[in-house]
Amino acid sequence: APVNVLLTGPGVITSATPTGDLSVDSVRTAILPLYAQFGITNNLELRILRRSNPGPGGKGGGGEVQLVFGHQVRLPKTLHLLNPGRVKRVRGVAYATGVAGSNNARMIEAARGVLNPLVADTYIFSDVSSAPWLPAPEKANPAAKRKTGVGFGLSLVAESSTGVLYSADVASGPAGGQPPEDIGRHCAFQLLESTAQGGCVARAAAPTLLTLMAMGSEDVGRVQVGRDVLATEEVIGLGRDLRAFGASGWGLRDAEGESGDVVVSIVGRGVGNVGRKIA
């Protein structure tokens, strides 16, 4: 049966955080599309029901996200992704929670000022929502509530001519004090940095793609990865963890040309959907 999960609670935040967490917009636009490379395309959706930014101390927020996943496959397809292509368009979402919508316009204008000279096809959506009211009981008023998760942020995704996605995420801190223009420029520069790292997978999406390759059909899949992405603690730790759980080791060789990237070869272990109904 299709999986339908509602993610909520004091620790669920829909925006990016100062500690480097992705926003739900980047997961929806830069990570979920990767599943199509493995033959998983239908009934896969991430819905934002209620937005929220980090609350006091960078925690809490009261966001709500619904994950719908209804496409079952026996095994993910073997992936061969060796051509990064060239960036052809940029899309994004500017969001403001509990603050004036003009903050979105200011972020978008600042980001476009950096990106438009490089990529003419740049379009950033604007999403303005009210901040959620969360219980904040007081001695004099046990039923008191207060607004939390007020702020704004920007999520950008660059798509290449071969379907490769690069993402960037920046949001205002819980303490405030950052003008929207700084957020917009910072996110645009972060996107350019992600693109400059090269390869066919961005740093944020590398763990998802490499894990699906390790679970796939018992064949050799290949993906071209930038050296700076491959050398991150997350990717190195993932390789060690997969090996500890029985996956095969990775083969590494230099990519052709002068890109300086590395081709990672992974033999799938056939970890598929073996669930069966029992009468």
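Residues numbered from 1 in each chain as written. Predicted model: local features only at pLDDT ≥ 70, side-chain atom pairs only at ≥ 80, totals over all residues. Heavy atoms only, no water.

Undergrad: Quick question: what am I supposed to make of the packing of helix α2 (residues 102–115) against helix α3 (residues 180–196) here?
TA: Running from N to C, α2 and α3 point in directions that differ by 40°, and their axes come no closer than 7 Å. With respect to α3, the axis of α2 lies oblique. Relative to α3, α2 is oriented so that their crossing is right-handed. Of the residues in α3, those touching α2 at Asn-103, Arg-106, Met-107, Ala-110, Ala-111, Val-114 and Leu-115 are Pro-180, Glu-181, Ile-183, Gly-184, Arg-185, Ala-188, Phe-189, Leu-191 and Leu-192. Among the residues forming the contact of α2 with α3, the class breakdown is 11 nonpolar, 2 polar and 3 charged. (Axes fitted to C-alpha atoms, helices over the stretch in contact; angles between N-to-C directions. Helix = DSSP H or I, 4+ residues; strand = E, 2+ residues; numbered from the N terminus. Parallel < 35°, antiparallel > 145°, perpendicular 65-115°, else oblique. Left-handed = near helix turned anticlockwise from the far one by under 90°. Contact = heavy atoms within 4.5 Å. Nonpolar A, V, L, I, M, F, W, Y, C, P; charged D, E, K, R; others polar.)

Undergrad: I tried to follow the packing of aromatic side chains on my own but got confused; where do I start?
TA: Any aromatic ring pair is given by two values, namely how distant the centres are and how the planes are angled relative to each other. Inspection of every chain in the model, using the stated rule, returns 2 aromatic pairs. Aromatic pair Tyr-35 and Phe-69: ring centres 6.5 Å apart, planes at 75°, arrangement edge-to-face. Residue Tyr-35 is located in the loop between α1 (24–31) and β2 (44–50), and its partner Phe-69 is located in strand β3 (residues 64–69); the two are separated by 34 residues in the primary sequence. The class for Phe-69 is partly exposed, based on a relative accessible area of 26%. (Phe/Tyr/Trp six-rings, centres within 6.5 Å; stacked < 30°, edge-to-face > 60°. Buried < 20%, exposed > 50% of the residue type's maximum accessible area, 1.4 Å probe, protein only.)

Undergrad: Sorry, what's going on with the nonpolar core here?
TA: For soluble globular proteins, nonpolar side chains are generally found buried alongside one another. Formed by 55 residues in total, the largest nonpolar core has its most connected members in Leu-154, Leu-156, Leu-191, Leu-209, Met-213 and Val-223. Among the elements that take part in this core, helix α4 (residues 206–215) stands out by supplying 6 residues, more than any other. Not counting chain neighbours up to four residues away, the residues in contact with Leu-154 comprise Val-93, Ala-94, Tyr-95, Met-107, Ala-111, Ile-124, Ala-168, Asp-169, Val-170, Ile-183, Gly-184 and Cys-187. (Core = buried A, V, L, I, M, F, W, Y, C linked by side-chain atoms within 4.5 Å.)

Undergrad: Where do I start with the pattern of salt bridges in this structure?
TA: Opposite charge on two side chains permits them to pair, given that their charged atoms come into close proximity. Under the counting rule described, the total for this entry stands at 11 salt bridges. Between Arg-203 and Glu-234 there is a salt bridge, with the nearest N and O atoms lying 3.3 Å from each other. Of this pair, Arg-203 sits in the loop between α3 and α4 while Glu-234 sits in helix α6 (residues 233–244), and the two are 31 residues apart along the sequence. Look at Glu-234 and you get partly exposed, because its relative accessible area is 42%. (Salt bridge = Lys/Arg side-chain N within 4 Å of Asp/Glu carboxyl O.)

Undergrad: Sorry, what's going on with the environment of Leu-230 here?
TA: You can see Leu-230 is positioned in helix α5 (residues 227–230). Aside from chain neighbours lying at most four places away, what touches Leu-230 is Val-225, Val-235, Ile-236, Trp-250, Leu-252, Val-262 and Val-264.

Undergrad: Explain the sheet that holds strand β11 (residues 220–225) to me, please; I cannot follow it from the model alone.
TA: Whenever strands of a sheet pair, they do so through backbone hydrogen bonds, lying parallel or antiparallel. With respect to topology, 4 strands assemble into an open sheet ordered β4-β11-β13-β12, the strand pairing being mixed. Both edges of this open sheet fall to β4 (80–81) and β12 (251–254), since each of them pairs with a single strand only. Summarising the sheet, β4 and β11 pair through 2 bridges and their orientation is parallel. Looking at β11, one finds that Leu-81 is bridged to Val-223. Here α4 sits on the sheet and contacts β11 and β13 (262–267); the angle it forms with β11, its principal contact strand, is near 165°. (Pairing = 2+ DSSP bridges.)

Undergrad: Where do I start with the environment of Arg-112 in this structure?
TA: Following the sequence through the fold, Arg-112 ends up in helix α2. Here the alpha-carbon distance between Arg-112 and Ala-131, two residues 19 residues apart in the chain, equals 27 Å. Separated by 2.5 Å, the side chain of Arg-112 and the backbone oxygen of Thr-122 make a polar contact. (Polar contact = N/O pair within 3.5 Å; in protein donor to acceptor, adjacent residues only side chain to side chain.)

Note that every value here comes from positions in space, so none of it alone points to a role or purpose.
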